[in-house]
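# Architecture at a glance
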Amino acid sequence: MTKPCLAVGSLGGTITMTRDADGQGVAPSLTVDDLLAVLPELADAADLQTRTLATVPGASLSFSDVFAAMDWARGVIDDGADGAVLVQGTDTLEETSYLLDLHWDREQPLVLTGAMRSPRQAGADGPANILAAATVATSPSSRGLGVLVTINDEIHAARRVRKSDSVAQDAFTSAPFGPLGRVHESKVTYANRPGRWATLRRPAPGQVPQVALLETGLGDDGALLQTVCDAGYDGVVLSAFGAGHVSAATAEVVSAAVKHGPVIFASRTGSGPVLSRTYGFPGSEEDLLARGALSAGWLDARKARILLWSLLAAGSPVDQIREVVDAHGGHPGGPDQN
Ligand code: ASP
């Protein structure tokens, strides 16, 4: 039987982190080949191509690092790889995976993973996560699903996954709908399969929009939102209370902010959609919509920021931004799913 061809790239993260001296914290240092050296079974199971793309913590990844990683993954797929795995810091996995998913235009899977424990820690989860991600990336059943996150033996849709615990091994969740599938005994099982949106256009050359993400809180008077508008940001995502609410004072600033650029409101709760026609007080979802803000629907604020960034970076007109945000936020299962 011919072996599948698998590409594995690394951007850094805890999964690559070791410590230089006793008493110091860990920092990224290992290459992708270092990571695979402890997994001889992977070389037996697949023809491997590897690339260390960066050696940075998740927090220091940039939009251009992510597009560079996507170009590498596209290149290896076009040269015949059956799938690609990208290893990175878990801190930004929910954002990078969604950015990649919005732009990934190949049938072959691109699977992201990382680790919650560094390689020298007891119970390090990196090797098992890489193996599971490789299993998913080389499984024919993963074709056409876009970008996936495989961690802790669960397979998550990029548009729904979220780091919801700072240290736990099962830090990644996809509330409220749950993961797409699981991996066990080198077997991939999908329980549900999301539809795919048309991929977004790549950023126009030199386009690096500034999109602010502001979380509202008790006593918010809208001053921070005003400051962001005055600073010339191209768009704003508001992580709002509950089902999409801000204070009456902040709502007044929203009316001015929408004249500067798109304003999207999402729920800060971590699960569930924002509403559209239940509450009618100043600062409610109905009021924000009437003032011209856009609803993130089921998207959380971080995903909404990535989507708005991508649309602004591609130079999309306002009507198109509204249409795409409505569609992506309104249909968490993808087009034609509800
Ligand atoms: N701070 C780390 C990072 O994102 C966390 C991780 O990789 O798990 O690089």
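Residues numbered from 1 in each chain as written. Predicted model: local features only at pLDDT ≥ 70, side-chain atom pairs only at ≥ 80, totals over all residues. Heavy atoms only, no water.

## Quick notes on the side chain of Ser316
Following the sequence through the fold, Ser316 ends up in the loop between helix H9 (301-313) and helix H10 (318-330). Take Ser316: its relative accessible area is 10%, and that puts it in the buried class. Polar side-chain contacts of Ser316 include one of 2.9 Å to the backbone oxygen of Leu311. Ignoring anything within four residues of it in the chain, the contact list for Ser316 reads Arg201, Leu311 and Ile321. (Helix = DSSP H or I, 4+ residues; strand = E, 2+ residues; numbered from the N terminus. Buried < 20%, exposed > 50% of the residue type's maximum accessible area, 1.4 Å probe, protein only. Polar contact = N/O pair within 3.5 Å; in protein donor to acceptor, adjacent residues only side chain to side chain. Contact = heavy atoms within 4.5 Å.)

## Examining the site of the ligand
Close to the ligand lie Gly13, Thr14, Met17, Pro57, Gly58, Gly89, Thr90, Asp91 and Ala115, which account for all nearby residues. With respect to the ligand, the side chain of Thr90 contributes an N or O atom lying 2.3 Å from an oxygen atom. Between the ligand and Ala115, the relevant distance is 2.9 Å, taken from an oxygen atom to a main-chain nitrogen or oxygen of the residue. Burial of the ligand by the surrounding chains reaches 86%, relative to a free accessible area of 260 Å². Class assignment for the residues of the shell around the ligand results in 3 nonpolar, 5 polar and 1 charged. (Near = heavy atom within 4 Å. Areas by Shrake-Rupley, 256 points an atom, 1.4 Å probe, with all protein chains shown as cover. Nonpolar A, V, L, I, M, F, W, Y, C, P; charged D, E, K, R; others polar.)

## A short note on the packing of helix H6 (residues 223-230) against helix H7 (residues 248-257)
At a closest axis distance of 9 Å, the pairing of H6 and H7 adopts a crossing angle of 15°. Put simply, H6 runs roughly parallel to H7. For the crossing formed where H6 meets H7, the hand is left-handed. Residue-level inspection shows Leu225, Gln226 and Cys229 of H6 in contact with H7, the latter providing Thr250, Val253, Val254 and Ala257. Here the residues of the contact of H6 with H7 are counted per class, giving 5 nonpolar, 2 polar and no charged. (Axes fitted to C-alpha atoms, helices over the stretch in contact; angles between N-to-C directions. Parallel < 35°, antiparallel > 145°, perpendicular 65-115°, else oblique. Left-handed = near helix turned anticlockwise from the far one by under 90°.)

## So, the sheet that holds strand E4 (residues 47-56)
The strand order across the open sheet formed by 8 strands is E4-E1-E5-E6-E7-E8-E11-E12, and the pairing between neighbours is mixed. The strands lining the two open edges of the sheet, one partner per strand, are E4 and strand E12 (187-190). Here the strands of the sheet are splayed against their neighbours by 25° on average, with no regard to which way each runs. Sheet contacts for helix H3 (residues 63-78): strand E1 (5-12), E4, strand E5 (83-87) and strand E6 (110-113); angle to E5, the most-contacted strand, approximately 155°. (Pairing = 2+ DSSP bridges.)

## Section: the UniProt feature "domain: L-asparaginase N-terminal" (unreviewed entry) in the chain
When the UniProt feature table is mapped onto this chain numbering, "domain: L-asparaginase N-terminal" (unreviewed entry) sits at residues 8-193. For residues 8-193, the helix share is 27%, the strand share is 26%, and the end-to-end C-alpha distance is 24 Å. (UniProt positions renumbered as here; feature names shortened; annotations may be inferred.)

## Some words on unusual backbone geometry
Note that the residue after Ala175, namely Pro176, is joined by a cis bond; omega there is 0°. Mapped onto the elements, Pro176 comes out in the loop between strand E10 (172-173) and strand E11 (181-184). Even without glycine at this site, Glu185 takes up a positive phi of about 45°. Classification of Glu185 by relative accessible area gives exposed; the value is 74%. In this structure, Ser186 is a non-glycine residue whose phi angle is positive, near 60°. Tracing the backbone through its elements, the reader meets Ser186 in the loop between E11 and E12.

## What to know about the UniProt feature "domain: Asparaginase/glutaminase C-terminal" (unreviewed entry) in the chain
Mapped onto the present numbering, the UniProt feature "domain: Asparaginase/glutaminase C-terminal" (unreviewed entry) falls at residues 210-324. For residues 210-324, the helix share is 38%, the strand share is 16%, and the end-to-end C-alpha distance is 19 Å.

## Quick notes on the packing of H9 against H10
Running from N to C, H9 and H10 point in directions that differ by 150°, and their axes come no closer than 11 Å. Comparing the axis directions of H9 and H10 gives the class roughly antiparallel. Where H9 crosses over H10, the two elements pack in a sense that is right-handed. Across the interface between the two elements, Leu307, Leu308, Leu311 and Leu312 of H9 pack against Ile321, Val324, Val325 and His328 of H10. Along the lines of polarity and charge, the residues of the contact of H9 with H10 split into 7 nonpolar, 1 polar and no charged.

## Thoughts on the pairing of strand E14 (residues 235-240)
Counting buried positions along E14 gives 6 out of 6 residues, so the element sits mostly inside the fold. Residues Gly235, Val237 and Ser239 of E14 are buried on one face, and the alternating residues Val236, Leu238 and Ala240, pointing to the opposite face, are buried as well. Strand direction decides the pairing type here: strand E13 (residues 211-215) and E14, joined by 5 bridges, are parallel. Bridge pairing links Leu213 to Val237 in E14.

## So, the pattern of salt bridges
Note that side chains of opposite charge can pair when their charged atoms are close. In this structure the tally under the stated criterion is 12 salt bridges. Arg74 is the salt-bridge partner of Asp105, the closest N and O atoms lying 3.0 Å from each other. One end of the pair, Asp105, is in the loop between helix H4 (93-103) and E6; the other, Arg74, is in helix H3, and 31 residues separate them in sequence. With relative accessibility at 37%, the residue Asp105 sits in the partly exposed group. For Arg74, a relative accessible area of 16% gives the class buried. In this structure, Asp105 engages Arg106 in a salt bridge whose closest nitrogen and oxygen atoms are separated by 2.7 Å. Look at the salt bridges and you will find they share partners, linking Asp71, Arg74, Asp78, Asp105, Arg106 and Arg202 into a network. (Salt bridge = Lys/Arg side-chain N within 4 Å of Asp/Glu carboxyl O.)

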